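Listed below, chain by chain, are the residues.
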Amino acid sequence: MTATGVRARLAGTVWPGTAHLRADGELTVGGVPLTELARRYGTPLHVVDEEDVRRRCRAFLRAFPDQEVAYAGKAFLCRGMARWIAEEGLSLDVCSAGELAVARAAGFPAERILMHGNAKTPGDLGAALSYGVGRIVVDSFGEITRLAATVASPRPRLLVRVTPGVDGHTHAAVTTGTDGQKFGFSLSSGAAAEAVRRVLGQRGLDLAGLHCHLGSQITDLDAFDRAARRMVALLAAVRDEHGVTLPQLDLGGGFGIAYRAGEPDLDPGPLAERMLGAARAACAEHRLPVPRITIEPGRAIVARAGVTVYRVVSVKRDAAGGPLVAVDGGMSDNPRPSLYGARYSVRLIGRRAAGGDRVVTVVGRHCEAGDVLVRDATLPADVRPGDLLAMPCTGAYHHSMASNYNLVGRPPVVAVRAGAARPLVRRETEEDLLRRDVG
Ligand SMILES: Cc1ncc(COP(=O)(O)O)c(C=O)c1O
Ligand SMILES: N[C@@H](CCCC[NH3+])C(=O)O
């Protein structure tokens, strides 16, 4: 197949925007062959396409003009990533002193940072106040009391996190918009209205607005529409009770993406139309000025920019004859299949396959039978130890949720752009693991 033909086959799929499959089986991202990166940096290896990240930042800013787009750093954060986000003009959502320290080290402007967390520690709050983050999203009455007791100048600006009672129909472990989970103040119980009362009752606190976040990997536009309307109704209730028109409404993130070709994927354009349309319509209905809307995409910015490269270590059959392809990574660099039953695809790179394909199970190297990366991968029948496999859509919640299970060091993250590679996070070595073992 010609290079153009192959490129057409990759277009519109789950690979990063600059991915290019060569006729010899080599896959390049950002103009750099993945096999060359595997040689230089070893495997497993996370590769991130800087251009893809930047394009998605711009697409969100274009779709939400004059609003605030805050990248959710929990998806993936390091200084390099924080700088791209800052340069593209986005804000940043952090949820720990650690994430804030990285943002700070990258020089991320404090006023564009939001601090989240259902159980912010004194260390988290102290770091947020000392850096002067633009907003703290309060999540419990105790936190309001603690913040009211601190003397900070200027006064901390707060958003009250509301649980709007809207189900985004996603995995239970990442559903946050409904009652009966740990985040936010319930709208239905009146806790949200009470939280607003308490913040407004404190001279030392400045209430900027309301926040909600329905959950993650949501592809149902109706859910965002319903949440926007309920949140505007609460803004109107605040105006009616207190005579205060709050200027900001943060509708959170959670925008779903296709992990495998053919799955649903939310485009920023239609998403913005629904969310902003619903918010504007509800404001008109309640005769409220339209607040500045904030959104907090994490996965939708960085997931598709990421590719993980693994090396095949062994190929064998299970007792039922099913082919098992074991790689040199697994649940320590990608816990998502074990946690959420997440499904991925994978492809052979670096050589042309001889013969046809077969369906195999791709398993990891960890000491758990559940360490399965892909249950139904289609790979060439001649896949053998030493081969390289590339897994797309690994930019979000992979490196950031990686562990040291079995005392395996976490993989490096290498950024690629315009034919050049630049390490962002180095591989964790055995020395790193031993250094923290102080017993
Ligand atoms: C408060 C908040 N905002 C934003 C996000 C980002 O979610 P996602 O990466 O699914 O866009 C999360 C994670 O679910 C979150 O908890
Ligand atoms: N970690 C989850 C998303 C949770 C987002 C954080 N609130 C995932 O990988 O899908």
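Fair warning: this is a prediction, and the values are worked out from it, not measured in the lab.

Which parts of the structure should I look at to understand the sheet that holds strand 3 (residues 32–33)?
Hydrogen bonds between backbone atoms are what pair the strands of a sheet, whose relative direction is either parallel or antiparallel. A sheet is described by the order of its strands in space; here 3 strands give the open sequence 1-2-3, paired in antiparallel fashion. Two strands in the sheet have a free side with no partner beyond their single neighbour: strand 1 (20–21) and strand 3. In terms of strand pairing, strand 2 (residues 27–29) meets strand 3 through 2 bridges, oriented antiparallel. Residue threonine 28 lies in a different strand from strand 3, and its bridge partner there is proline 33.

How should I be thinking about the nonpolar core in this particular structure?
Looking at soluble globular proteins, one finds that nonpolar side chains tend to be buried together. Counting 125 residues, the largest nonpolar core has Leu34, Phe64, Tyr71, Met81, Val160 and Leu210 as the members making the most contacts within it. Here this core takes 10 residues from helix 9 (residues 221–242), the largest share from any one element. When neighbours within four sequence positions are excluded, methionine 81 is seen to be in contact with Val53, Tyr71, Phe76, Ile301 and Val302.

What is the right way to look at the site of ligand 1 in this model?
Of all residues adjacent to ligand 1, which total 16 residues, the nearest are His213, Ser216, Glu296, Arg299 and Tyr397. Here an oxygen atom of ligand 1 and a side-chain polar atom of histidine 213 are 2.7 Å apart. At a separation of 2.8 Å, an oxygen atom of ligand 1 approaches a polar backbone atom of glycine 254. Compared with its free state, where it exposes 390 Å², ligand 1 has 91% of that area covered by protein. Its atoms largely coinciding with the cavity grid, ligand 1 occupies the largest pocket. Each residue belonging to the shell around ligand 1 can be placed in one class, and the counts come to 4 nonpolar, 7 polar and 5 charged.

Calculation criteria
- Residues numbered from 1 in each chain as written.
- Chains lettered and ligands numbered in written order.
- Predicted model: local features only at pLDDT ≥ 70, side-chain atom pairs only at ≥ 80, totals over all residues.
- Heavy atoms only, no water.
- Pairing = 2+ DSSP bridges.
- Helix = DSSP H or I, 4+ residues; strand = E, 2+ residues; numbered from the N terminus.
- Core = buried A, V, L, I, M, F, W, Y, C linked by side-chain atoms within 4.5 Å.
- Buried < 20%, exposed > 50% of the residue type's maximum accessible area, 1.4 Å probe, protein only.
- Contact = heavy atoms within 4.5 Å.
- Near = heavy atom within 4 Å.
- Polar contact = N/O pair within 3.5 Å; in protein donor to acceptor, adjacent residues only side chain to side chain.
- Areas by Shrake-Rupley, 256 points an atom, 1.4 Å probe, with all protein chains shown as cover.
- 1 Å grid on protein atoms, 1.4 Å probe; cavity = no way out; pocket = protein on both sides within 12 Å on 5 of 7 lines; lining within 4 Å.
- Sits in = over half its atoms within 2 Å of the grid points.
- Nonpolar A, V, L, I, M, F, W, Y, C, P; charged D, E, K, R; others polar.

In short, shape yes, function no, at least from these values alone.
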